[in-house]
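# Structural features, examined
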Amino acid sequence: MADRAISVVPSVVRDPIWARLRDDATRMAAGEPVLASFVHATILGHDRMERALSYHLAHKLANDDVGALQVHQVFDEAFEDDEMLGEHVRRDLSAIYDRDPAVRTLVEPFLFFKGFHSLQAYRVTHWLWGKDRTALAFHFQSRISEVFGVDIHPAARIGCGVMIDHGTGVVIGETAVVEDDVSLLQGVTLGGTGKESGDRHPKIRRGVMIGAGAKVLGNTEIGEYSRIGAGSVVLKPVPPRSTAVGVPARVVGHSGCERPAMEMNQLIDEVPGEYQI
């Protein structure tokens, strides 16, 4: 799917992702009149992707306690304060387009994919956490869980170019680390193993793919460009460029390709005896 890739450059110089998104939105509004007003209000009525996203997420996360205008203001404040948040949005959106064969345009994940929405909303909670605004960060964490079915602790550290596919049931704990270019499918848990305190959650290195329903528990490391098979329970470290499957998981061979998170190949051929964990 390399021919679908979109280059990402700093938005202050050029913003091809925003331009492409607006083109896709224009076609959607013209082709589906029922959605035209929604598309105009959410995308075409804004001059920057960050403002469009703030508006969109605000209307999804608002409730009687914190209204849409207040949510919108907080999200705008975050994007204005940290310009890298906007670059992460673009990398994440491009990652979905590059990796998900069901995606035909950028406007589809931007408007409709809760994995994308939950990740971008988490980025604002992480910004709030860094500003010591923990109460509001927890409020939004709770709303993200209620609305999108994804529970990410605001203190977790997540890189860019990350795809949370489908999103439902994903849980990421407080001290978890997810590096750049990772793909997580539905039902993935990056959790602890009990009531221990301190650094107690997994470290997922660059380029890893974790299959649906997999659980990675404890302060353990999944090496870069590795694969975790669907439904596996990982309790021990996984070496770089490996494939681990099973309950408990064991390493059954190499990762099958150079970039598992990009290829999204979940058909695992076991290579007996090649590795053990």
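Placed above this text is the structure.
The text that follows walks through the structure, step by step, so that each part is easy to find. Owing to the predicted nature of the structure, the values given are computational and were not obtained by experimental measurement. (Residues numbered from 1 in each chain as written. Predicted model: local features only at pLDDT ≥ 70, side-chain atom pairs only at ≥ 80, totals over all residues. Heavy atoms only, no water.)

Attention now moves to the overall build of the protein chain. Within the protein chain one finds nine helices and 15 strands. On C-alpha atoms alone, the protein chain measures out to a radius of gyration of 19 Å, which is about the 19 Å that the 2.2 N^0.38 rule sets for 277 residues. Principal-axis analysis of the C-alpha atoms gives the protein chain an extent of 60 × 45 × 35 Å. Taking the contacts inside the protein chain whose residues are at least 6 apart along the sequence as the reference set, 49% of them involve residues at least 24 apart. Taken as a whole, the protein chain presents about 12200 Å² of accessible surface, with 52% of it coming from carbon and sulfur. (Helix = DSSP H or I, 4+ residues; strand = E, 2+ residues; numbered from the N terminus. Rg over C-alpha atoms; globule rule 2.2 N^0.38 Å. Contact = heavy atoms within 4.5 Å. Areas by Shrake-Rupley, 256 points an atom, 1.4 Å probe, with all protein chains shown as cover.)

Tracing the backbone through its elements, the reader meets Ala261 in helix H9 (residues 260-263). Accessibility expressed as a relative area gives 1% for Ala261, which makes it buried. The spatial distance from the C-alpha of Ala261 to the C-alpha of Asp23 is 28 Å, given a sequence separation of 238 residues. Residue contacts for Ala261: discarding those within four places in its chain leaves Arg99, Asp181, Val182, Ser183, Gly207, Val208 and Met209. (Buried < 20%, exposed > 50% of the residue type's maximum accessible area, 1.4 Å probe, protein only.)

Let us look at the sheet that holds strand S13 (residues 233-234). By definition, the strands of a sheet pair up through backbone hydrogen bonds, in either a parallel or an antiparallel sense. Pairing in this open sheet of five strands is parallel, and the strands run S1-S4-S7-S10-S13 from one edge to the other. Here the strands that pair on one side only, and so sit at the sheet edges, are strand S1 (151-152) and S13. With two bridges joining them, strand S10 (residues 215-217) and S13 adopt parallel strand pairing. Counted as the bridge partner of Val216 is Val234 from S13. (Pairing = 2+ DSSP bridges.)

Secondary-structure assignment places Arg123 in helix H7 (residues 114-130). Taking relative accessible area as the criterion, Arg123 reaches 5% and is therefore assigned buried.

Bringing the nonpolar core into the picture now. Membership of the largest hydrophobic core comes to 45 residues, with the highest contact counts inside it found for Leu21, Ile43, Met49, Phe75 and Phe110. Looking at this core, the elements that each hand over two or more residues are helix H1 (16-31), helix H2 (33-44), helix H3 (49-61), helix H4 (68-81), helix H5 (84-99), helix H6 (107-112), H7 and helix H8 (134-148). In terms of nonpolar packing, the next biggest core, distinct from the first, is built from 28 residues, Val170, Ile228, Val238 and Ala249 among them. (Core = buried A, V, L, I, M, F, W, Y, C linked by side-chain atoms within 4.5 Å.)

Let us now look at the packing of aromatic side chains. As enumerated under the stated definition, the model contains four aromatic pairs in all. Where Phe110 meets Phe116, the ring centres are 6.1 Å apart and the plane angle is 45 degrees; that geometry is what we call tilted. Residue classification places Phe110 among the buried residues on the basis of a relative accessible area of 0%. (Phe/Tyr/Trp six-rings, centres within 6.5 Å; stacked < 30°, edge-to-face > 60°.)

This part is about the pairing of strand S14 (residues 242-245). As defined by bridge partners, strand S12 (residues 227-228) adjoins S14 across two bridges and the pair is classed as parallel. Bridge pairing links Ile228 to Ala244 in S14. As judged from the four bridges shared by S14 and strand S15 (residues 250-254), these two strands associate in the antiparallel manner. Bridged to Ser242 within S15 is His254.

Attention shifts here to the packing of H3 against H5. Running from N to C, H3 and H5 cross one another at 80 degrees; their axes reach a closest spacing of 10 Å. Viewed along their axes, H3 and H5 adopt a mutual orientation that is roughly perpendicular. Residues Met49, Glu50 and Leu53 of H3 form the contact with H5, whose participating residues are Gly86, Val89, Arg90 and Leu93. Taken together, the residues of the contact of H3 with H5 break down into four nonpolar, one polar and two charged. (Axes fitted to C-alpha atoms, helices over the stretch in contact; angles between N-to-C directions. Parallel < 35°, antiparallel > 145°, perpendicular 65-115°, else oblique. Nonpolar A, V, L, I, M, F, W, Y, C, P; charged D, E, K, R; others polar.)

With 14 residues, H4 should cover 20 Å at 1.5 Å per step; its first-to-last C-alpha distance of 20 Å lies within 8% of that length. All of the buried residues in H4 are Val71, His72, Val74, Phe75, Ala78 and Phe79. One side of H4 carries all its buried residues, which in axial view fall inside an arc of 165 degrees. Turned more than 90 degrees off the buried face of H4, the exposed positions are Leu69 and Glu80. For H4, the elements touching its buried residues are H3, H5, H7 and H8. (Expected span 1.5 Å × (residues − 1). Arc of directions from axis to C-beta.)

Let's shift gears to the pattern of salt bridges. Tallied over the entire structure, the rule returns 21 salt bridges. A salt bridge links Glu50 to Arg48, with the nearest nitrogen and oxygen atoms 3.6 Å apart. When its relative accessible area of 27% is taken as the criterion, Arg48 is described as partly exposed. The partner of Arg205 in a salt bridge is Glu221, and the shortest N-O contact between them spans 3.3 Å. Of this pair, Arg205 sits in the loop between strand S8 (203-204) and strand S9 (209-210) while Glu221 sits in strand S11 (residues 221-222); the two residues are 16 residues apart in sequence, bridging distant segments of the chain. Judged by relative accessible area, which is 36%, Glu221 ranks as partly exposed. (Salt bridge = Lys/Arg side-chain N within 4 Å of Asp/Glu carboxyl O.)

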